[in-house]
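Fold and contact review
Given next are the chains, with one letter for each unit.
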2 protein chains.
Amino acid sequence: MIEIITIGDELLCGRTQDTNAGMIARELHTAGFTVARITTTGDTRDAISAALLSCLRETRFVIVTGGLGPTEDDLTAEAAAAAFGDTLALHPEAFAMLQRWLKRRNRTINPSQQKQTILPSTCTPIANPVGTACGFIMRHHGRHYLFMPGVPAEARAITEQFVLAYINEHSGRKHIIRSKTLRVFGLWESVIQEKLTNALNPDADVSLGFYPHFPEVLLRLTAHGPAAAVLDERLERARNAIVERIGEHIYAEGDESLAACVGKLLADGGTSLAVAESCTGGLLSHLITSVPGSSAWFERGLVVYSNASKTQLAGVEETILARHGAVSAATAQALAQGVRSCAGSTIGVGITGIAGPGGGTQEKPVGTVFFAIAGPDGCSVHQRCFSGTRDQIKTLSAFTALDLLRRTLLGLNIDGQGNFL
Amino acid sequence: MIEIITIGDELLCGRTQDTNAGMIARELHTAGFTVARITTTGDTRDAISAALLSCLRETRFVIVTGGLGPTEDDLTAEAAAAAFGDTLALHPEAFAMLQRWLKRRNRTINPSQQKQTILPSTCTPIANPVGTACGFIMRHHGRHYLFMPGVPAEARAITEQFVLAYINEHSGRKHIIRSKTLRVFGLWESVIQEKLTNALNPDADVSLGFYPHFPEVLLRLTAHGPAAAVLDERLERARNAIVERIGEHIYAEGDESLAACVGKLLADGGTSLAVAESCTGGLLSHLITSVPGSSAWFERGLVVYSNASKTQLAGVEETILARHGAVSAATAQALAQGVRSCAGSTIGVGITGIAGPGGGTQEKPVGTVFFAIAGPDGCSVHQRCFSGTRDQIKTLSAFTALDLLRRTLLGLNIDGQGNFL
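Summarised in this report is the structure supplied together with it. (Residues numbered from 1 in each chain as written. Chains lettered and ligands numbered in written order. Predicted model: local features only at pLDDT ≥ 70, side-chain atom pairs only at ≥ 80, totals over all residues. Heavy atoms only, no water.)

Attention now goes to the interface of chain B and chain A. Facing 62 residues of chain B, the contacting portion of chain A comprises 61 residues. Regarding the contact of chain B and chain A, the summed buried area is about 4800 Å², with carbon and sulfur atoms giving 51% of it. Contact with chain A buries area across many residues of chain B, yet Leu12(B), Arg15(B) and Tyr305(B) alone supply 12% of it, more than any other trio. Applying the counting rule to chain B against chain A returns 0 salt bridges. Where chain B packs against chain A, one counts 29 residue pairs in polar contact (both at pLDDT 80 or more). Considering every element that reaches the side of chain B that touches chain A, the biggest residue donor is strand 2 (residues 35–41) of chain B, with 7 residues. In terms of residue class, the side of chain B that touches chain A is made up of 20 nonpolar, 27 polar and 15 charged. Across 3 bridges, the pairing between strand 14 (residues 298–303) of chain A and strand 14 (residues 298–303) of chain B is antiparallel. Note on strand 14 of chain B: the bridge partner recorded for Gly301(A) is Val303(B). (Contact = heavy atoms within 4.5 Å. Buried area = accessible area lost by both parts, 1.4 Å probe. Salt bridge = Lys/Arg side-chain N within 4 Å of Asp/Glu carboxyl O. Polar contact = N/O pair within 3.5 Å; in protein donor to acceptor, adjacent residues only side chain to side chain. Helix = DSSP H or I, 4+ residues; strand = E, 2+ residues; numbered from the N terminus. Nonpolar A, V, L, I, M, F, W, Y, C, P; charged D, E, K, R; others polar. Pairing = 2+ DSSP bridges.)

Let us look at unusual backbone geometry. Residue and element names in this part refer to chain A. Note that the residue after Phe-214, namely Pro-215, is joined by a cis bond; omega there is 0 degrees. Locating Pro-215 in the fold gives a position in the loop between strand 10 (206–213) and strand 11 (216–225). Backbone torsion omega between Gly-356 and Pro-357 reads 0 degrees, so that peptide bond is classified as cis. Of note, His-141 is a non-glycine position whose phi angle comes to about 50 degrees, a positive value. Relative to the helices and strands, His-141 is located in the loop between strand 7 (135–140) and strand 8 (143–148). Looking at His-141, the relative accessible area reads 71%, which means it is exposed. The phi dihedral of Asn-198 falls on the positive side, at around 60 degrees, and the residue is not glycine. Within the element layout of this structure, Asn-198 appears in the loop between helix 8 (189–195) and strand 10. (Buried < 20%, exposed > 50% of the residue type's maximum accessible area, 1.4 Å probe, protein only.)

This paragraph deals with the sheet that holds strand 9 (residues 176–185) of chain B. Residues and elements named next belong to chain B. Ordered by their spatial adjacency, 4 strands build an open sheet running 10-11-9-12, and the pairing between neighbours is antiparallel. Sheet topology places strand 10 (207–213) and strand 12 (250–253) at the edges, where each strand pairs with a single neighbour. Going from strand to strand, the sheet's axes swing by 25 degrees on average, the running direction of each strand aside. Examined bridge by bridge, strand 10 and strand 11 (residues 216–225) share 7 bridges and lie antiparallel to one another. Residue pairing in the sheet places Tyr-211 in a bridge with Leu-218 of strand 11. (Axes fitted to C-alpha atoms, helices over the stretch in contact; angles between N-to-C directions.)

Moving on, we come to the packing of helix 12 (residues 307–314) of chain B against helix 14 (residues 329–343) of chain B. When two helices pack together, their arrangement is given by the angle between their axes and by how far apart the axes lie. All names here are of chain B. At a minimum axis distance of 9 Å, the contact between helix 12 and helix 14 shows a crossing angle of 40 degrees. Classified by the angle between their axes, helix 12 and helix 14 sit oblique to one another. Taking contact as the criterion, the partners of Lys-310, Leu-313 and Ala-314 in helix 12 are, on helix 14, Thr-331, Ala-334, Leu-335, Gly-338, Val-339 and Cys-342. (Parallel < 35°, antiparallel > 145°, perpendicular 65-115°, else oblique.)

Spelled out as structure tokens, the structure:
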């Protein structure tokens, strides 16, 4: 088992966000190792010593960052020596390493750099490819303690160039980890959980994690074992079992955003898009244009906030607004058809609704949104009712529009989209 | 002493960066409390129980986030019951709380939501203002354990609205804390630090914290002591010292967003706004319409991605596009004047630029953006060159447009805006 300890008062008062622990954890996870615990402690010698000595019983590797700099509050080497019954001394190997590092840069050693070579006498130094503070290894009660500076670039370089190989060599391990991410929109976490009850064969030895990422949910399948081919086959079977239950809600695998997925479908089909949005206020256009290269398929967006703009820009007839209201199926349809026609695009999307907090009525409460997708084969109109804050309703509406586009382009059943029930 | 425990396999494998611990630590530090240790542990019952039971001897408050969701791998309540010799049961108070929460949103309880009300029988529930999973408090061996969901928005809301006051009340502390937030746009953190060197009298006993919140920086002034009036006076003096140095870059105090600040200026002046944006792709309109009631001053937005849309919608002459290019001062000006004229609004804003990653040239590299503000007194045009990712350049551009509007409406010097140098 592996633990990470990060040291620094600036982490405990929230002034600096600790990114080292996450970086090391990610590198180790990708390499197939599991981190059991991360501890952040303060700068005092006692706190550091206590953290070093209170590892979990099964821990074999402890990765420590921080407190190796040249200033007086850098006490990690002193604390390690105290914890493990060692003494500090100028370490000849570390000193020679530092001299070589400086010489390559035509610099000479100064007193505060020299302090960084005063290390526990029994340690083994670790070269720092990008800075003057070297790391070091200590062994205690069968554990390997690997100490690194807290400067993120230095911690990263030492992790990549030394720590991973060291742990791999000393772990005697045989197995690896493979994982797969499925991206879901349109169902809340609790509903997915219900739909996937007993979907995975417990003997299949694949674990399933849920990661809500509003308004989406990411599903992560993970398998451990000795042979990559076996794991990939297990993951594929687990993936298929999930796709069988909620396949149409899975818009992509891996890192692809919903807007990128829609962009790819549009680009592949040589299809162009224009949108006229009211309650989403530009967010749909923003998501679409967040994808690099989107000018290839996105022609224009109209943010038709006033009634005059709906009429002038998208040609929505005043009689429609008067008879059905600006928030209505008829207006959504007129917006989609109007923007498609004025832009000369293959597809037009219209959105109109009430994002709140004001503007709701008994008949059309806050969260009521109408969507229309107009294309060469006609126009479909859809109504949803969301709950949440103004920002949440805007976000749910923009993502719903993207998902309606995805379903339309793929020929999927749109009524199956669900309404976050 | 206070400890924080964050729970989640996704934190230990580095897939999710833990921001809750830092957020809680920062809030506590600002309120004058010290966090002694942060521990991150995995999702298993044993790991959670072990973490709860291995606090430091002097710890009186333990804040725990994560593992309170509806799925099978949310085991924190179970682990807490096991660790403290309690049993799980449907908690009537939590259940009633959830019912009320859902009723206000016209939703009914589903089985997995109901699971979230199965809590240790001796706990006291904590209301969650923004989600369905409630928090809870347990007492054990003289310690207070405060459990919260791991969803960052929920953890933040419960920390701000409950945890700080709870710890203040139960810590037996006598003094109070007052703070004030100043919101800055247009200067990076390091530049603000330089400009504010020695601005605060060290005897004034007011601490100044920097919280970068891309693309803005929040400055937080905090004072501790027994008497509110004295603290408020100290804060006011410190605030004035800062305003003297960087006043024009401070757009608001407290929670007001830049878009809300601009909205207020527009509403106060009975001024209406329309925008034509190219490289920001709808983000400017989205920010403007994120402010409740923005339909009172926002008339329309044009997302003029294609050249045809620039010409058709905003009346940009083809000769301007041909002679100066779509990314030019002339095009920005034509967009601002065109959208102002077609919308009949008091002010028109035009933005055109290169968000990247492609599309840059030697002469107009990625990040080059032109802004124009057209009003009754004419049109001003401004060029900026940003660096960053596509999303960062879009964000910097949209915020810069809002800040140009703010400066124009207030009659401030626009050249003083700075260019993030």
